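Next come the chains, spelled out residue by residue.
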Amino acid sequence: MIELTLAELADVTGGTLHGDPATAVTGAPSVDSRAVDPGGLFVAVAGEHVDGHDFAAAALAGGAAAVLASRPLDGPCVVVDDVVVALGLVARHVVDRLDGLRVVGVTGSAGKTSVKDLLAHLLAGFGPTVAPTGSFNNELGVPLTVLRADERTRFLVVEMGARGVGHIRLLCDIAPPDVAVVLNVGSAHLGEFGSPERTAQAKGELVEALRPDGIAVLNADDVRVAAMASRTQAPVLTFGGEGADVAATDVSLDASGEVDLVVVHAGQRRPAHLPLLGEHQAANAAAALAVVQALGLDVDRAVDALATARPASPMRMQREVRADGLVVVNDAYNANPESAAAAVDALAAMGGEGATYAVLGEMLELGEGSDAAHRALGEHAVARGVDHVLAVGAGAAPVAEGAGERGHAVPDTDAAVAWLRERVAPGDAVLVKASRGSRLERVADALLTG
């Protein structure tokens, strides 16, 4: 974070200063009093269950220089009406001050985190890069990411999520994009958006936020995304399959589920290997490489760097091998019909001499089509040759119905662990996939610890 005094923070946020105006904040902000940077800003968010103000004293004692708060506290602080809104104002102030910074905004119904992780890896080879940790993609996570940038930062990657129309527009006010990447319009949060058209309306706000000298990077294979070209005056660069400006073709998976592909750009074809799991990662690679091209960087150099990519965010196609050879793929951070099907496809490709087990929990926020979507996922798993399909929890029960004779249903994670321990053997492969609320990572953890 660039250095800001309390006086500057008060001026930017319209807040009331308590303490020495010359007190300098030099470290990154934090909402966790246990993880404050020396000289950092503690952001006292009053949540539904925990009030950050109760931990402000601990944050200051732990090295924070000041607190951004909504009520006066003992110690240096700036008091504002809304802490989250104020944090966004500070982040926008920092973006405006950092000359030469290129901001890349990424959105989509699925794949945002995978693509931002790939971008962080590729862009780091060209200059200092800041990207979110985990899925910091909302009105709190975006400014927390932005405020990790400083005068040395060349590239800032911002993941932008939305649960309704207008959300991404607000995030773009915090971090106006130079490059806007829209990956896809799918079923995630369909229960909240109401229709794919409303989802597209919301995701396209990222493209609308571009200045004419920006660049839109759009999925040529998604008709709703491709149509977003009409929503900007900026140039458009496409990614996807054959025919896109940056294409991933001849995609296949090796025995471990990792991706082999051919990258096509500027009339050239280059074979590449991406050590991430699942065919869907090829499209993610094409999107990331298109951003490299949009930024005027060396795409061939970035293609070479694909070979050294590694999973960077936990519980996203995270492959672990137990001492006896049991393979466990933990993809339990989130799920929607598209990402779950892609994960199942990766599992099917890993099937060798051992059996394959798809452990699938509920995909949340799908609305009225939830049962049908879960049933279709079970059918898909069987069609791809998965040997056993285990549905965990009442909401996921239609998965087992769709899987027919290969389907099994259990009420909770404890029952799932017990069922699996009676059956899995060395050399088998187990996929664990569900929306975050299902906490299915506990199944993966239990299997890995024996």
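The rules behind the values
Residues numbered from 1 in each chain as written. Predicted model: local features only at pLDDT ≥ 70, side-chain atom pairs only at ≥ 80, totals over all residues. Heavy atoms only, no water. Helix = DSSP H or I, 4+ residues; strand = E, 2+ residues; numbered from the N terminus. Rg over C-alpha atoms; globule rule 2.2 N^0.38 Å. Buried < 20%, exposed > 50% of the residue type's maximum accessible area, 1.4 Å probe, protein only. Contact = heavy atoms within 4.5 Å. Areas by Shrake-Rupley, 256 points an atom, 1.4 Å probe, with all protein chains shown as cover. Lys, Arg positive; Asp, Glu negative; His and termini not counted. Charge placed at Lys NZ, Arg CZ, Asp CG, Glu CD. Salt bridge = Lys/Arg side-chain N within 4 Å of Asp/Glu carboxyl O. Pairing = 2+ DSSP bridges. Axes fitted to C-alpha atoms, helices over the stretch in contact; angles between N-to-C directions. Expected span 1.5 Å × (residues − 1). Polar contact = N/O pair within 3.5 Å; in protein donor to acceptor, adjacent residues only side chain to side chain. Phe/Tyr/Trp six-rings, centres within 6.5 Å; stacked < 30°, edge-to-face > 60°. Lys NZ or Arg CZ within 6 Å of the ring centre and 35° of its normal. Core = buried A, V, L, I, M, F, W, Y, C linked by side-chain atoms within 4.5 Å. Arc of directions from axis to C-beta. Parallel < 35°, antiparallel > 145°, perpendicular 65-115°, else oblique. Left-handed = near helix turned anticlockwise from the far one by under 90°. Nonpolar A, V, L, I, M, F, W, Y, C, P; charged D, E, K, R; others polar.

**Q** Would you explain the overall build of the chain in this entry?
**A** Counting its secondary structure elements, the chain contains 17 helices and 21 strands. Scaling as 2.2 N^0.38, a compact globule of 450 residues should have a C-alpha radius of gyration of about 22 Å, and the chain matches this with 23 Å. Counting only C-alpha atoms and orienting by the principal axes, one finds that the chain spans roughly 70 × 55 × 40 Å. Relative to its full complement of 450 residues, the chain shows a buried share of 55%. Long-range pairs, those at least 24 residues apart, make up 62% of the contacts in the chain between residues at least 6 apart in sequence. Summed over all atoms, the accessible surface of the chain reaches about 17,800 Å², with 49% contributed by carbon and sulfur. Within the chain, one finds 33 positive and 58 negative side-chain charges whose respective centroids are separated by 2 Å.

**Q** What should I look at first to understand the pattern of salt bridges in this one?
**A** Should the charged atoms of two oppositely charged side chains come close, the side chains can pair. Per the counting criterion, the structure on display carries 24 salt bridges. The salt bridge partner of Lys 433 is Asp 331, with a shortest N-O separation of 2.7 Å. You can see Lys 433 sitting in strand S21 (residues 429-433) and its partner Asp 331 sitting in strand S17 (residues 327-331), a full 102 residues away along the chain. The exposure class of Asp 331 is buried, given its relative accessible area of 7%.

**Q** Explain the sheet that holds strand S19 (residues 388-392) here, please?
**A** Two orientations exist for strands paired in a sheet by backbone hydrogen bonds: parallel and antiparallel. Read across the open sheet, the six strands follow the order S16-S17-S21-S18-S19-S20; overall the sheet is mixed. Of all strands in the sheet, those bounded by a partner on one side alone are strand S16 (318-321) and strand S20 (407-410). Put simply, the sheet's adjacent strands are angled 20° from each other on average, direction ignored. Here strand S18 (residues 356-360) pairs with S21 via five bridges, running parallel. Looking at the pairing, Thr 356 lines up with Ala 429 of S21. On the sheet, helix H16 (residues 413-421) packs against S18, S19 and S20 and is oriented at approximately 160° with respect to S19. Docked against the sheet, helix H17 (residues 441-448) engages S16, S17, S18 and S21, running at close to 155° with respect to S17.

**Q** Even after reading the chapter, I still don't get the pairing of strand S14 (residues 258-265), so can you show me in this structure?
**A** On a regular strand, one side chain projects to one face of the sheet and the next to the other, so that they alternate. Across the eight residues that make up S14, a large majority, six, are buried. Bridge count between strand S13 (residues 246-253) and S14: six bridges; the pairing is antiparallel. Opposite Thr 249, over in S14, you have Val 262 as the bridge partner. Remark: four residues form the turn of the hairpin made by S13 and S14, two consecutive strands paired antiparallel; Gly 257 in that turn has positive phi of roughly 90°. Sheet analysis places S14 next to strand S15 (residues 268-277), joined by eight bridges and oriented antiparallel.

**Q** Sorry, what's going on with the sheet that holds strand S12 (residues 236-240) here?
**A** With respect to topology, nine strands assemble into an open sheet ordered S8-S9-S7-S10-S11-S12-S13-S14-S15, the strand pairing being mixed. With one partner strand each, in any of the chains shown, strand S8 (129-130) and S15 form the two edges of the open sheet.

**Q** Can you help me understand unusual backbone geometry in this one?
**A** Where the residue is not glycine, phi is negative for most of them; where a peptide bond is considered, it is trans in most cases. Positive phi is not limited to glycine here, since Glu 365 has a value of about 65°. Looking at the element boundaries, Glu 365 is found in the loop between S18 and helix H14 (370-383). Phi is positive for Arg 439, which is not a glycine, with a value near 55°. With respect to the helices and strands, the residue Arg 439 is situated in the loop between S21 and H17.

**Q** Help me understand helix H13 (residues 337-350), please; the structure alone is not making it clear to me.
**A** Counting along an α-helix, one turn takes 3.6 residues, and residues three or four places apart therefore face a common direction. In this model H13 runs 20 Å from its N-terminal to its C-terminal C-alpha over 14 residues, within 8% of the 20 Å that 1.5 Å per residue would give. Across the 14 residues that make up H13, a large majority, eleven, are buried. Those residues of H13 not exposed but buried are Ser 339, Ala 340, Ala 341, Ala 342, Ala 343, Val 344, Asp 345, Ala 346, Leu 347, Ala 348 and Met 350. Capping the start of H13 is the job of one residue whose side-chain oxygen sits 3.1 Å from the backbone nitrogen of Glu 338: Asn 336.

**Q** Before we go on, may I ask you to explain the packing of aromatic side chains in this structure?
**A** The geometry of an aromatic ring pair is captured by two quantities: the separation of the ring centres and the angle between the planes. By the definition in use, this model includes one aromatic pair. The lysine or arginine in question, Arg 316, covers the ring of Tyr 333, its NZ or CZ lying 3.8 Å from the ring centre.

**Q** Sorry if this is basic, but what is going on with the side chain of Gln 281 here?
**A** Looking at where Gln 281 falls in the secondary structure, it is placed in helix H11 (residues 280-294). According to the relative accessible area criterion, Gln 281 is buried, its value standing at 4%. Look past the residues within four positions of Gln 281 in its chain and what remains in contact with it is Ser 114, Val 259, Leu 274 and Leu 276.

**Q** It is not clear to me how the nonpolar core should be interpreted in this structure. Could you clarify?
**A** When a protein is soluble and globular, its nonpolar side chains tend to lie buried together. One finds Leu 9, Leu 68, Met 160 and Met 228 to be the most contacted residues of the largest nonpolar core, which totals 51 residues. If we ignore the near neighbours within four places in the chain, the residues touching Met 160 are Val 106, Thr 107, Lys 112, Asn 137, Ile 168, Leu 171, Cys 172, Ala 175 and Leu 206. Core analysis: the next-biggest nonpolar cluster, separate from the first, contains 43 residues, Val 104, Leu 253, Ala 285 and Val 303 among them.

**Q** In this structure, what is going on with the pairing of strand S10 (residues 179-182)? I would like to understand it.
**A** Of the two faces of S10, both are covered, the one formed by Val 179 and Val 181 as well as the one formed by Ala 180 and Val 182. Bridge count between strand S7 (residues 102-107) and S10: four bridges; the pairing is parallel. Paired with Val 104 across the bridge in S10 is Val 179. With four bridges joining them, S10 and strand S11 (residues 215-219) adopt parallel strand pairing. Residue pairing in the sheet places Val 179 in a bridge with Ile 215 of S11.

**Q** Teacher, can you tell me more about helix H1 (residues 6-13) here?
**A** Leu 6, Leu 9, Ala 10 and Thr 13 are the residues of H1 that are buried. One face of H1 carries all of its buried residues, which in axial projection span an arc of 100°. Looking one or two residues past H1, Gly 14 carries a phi angle of roughly 70°, positive in sign.

**Q** Help me out: how do you make sense of the packing of helix H4 (residues 112-123) against H11 in this one?
**A** For any two helices packed against each other, one specifies the inter-axial angle together with the distance between the axes. In the contact formed by H4 and H11, the axes pass within 9 Å of each other and the chain directions differ by 45°. Between H4 and H11, the angle is such that the two are oblique. H4 and H11 meet at a crossing whose hand is right-handed. Contact with H4, carried on its side by Ser 114, Val 115, Leu 118, Leu 119, Leu 122 and Leu 123, involves Gln 281, Asn 284, Ala 285, Ala 288, Leu 289, Val 291 and Val 292 of H11 and no other residues of that element. Residues that form the contact of H4 with H11 fall into these classes: ten nonpolar, three polar and no charged.

Any functional reading would require information beyond the geometric quantities listed.
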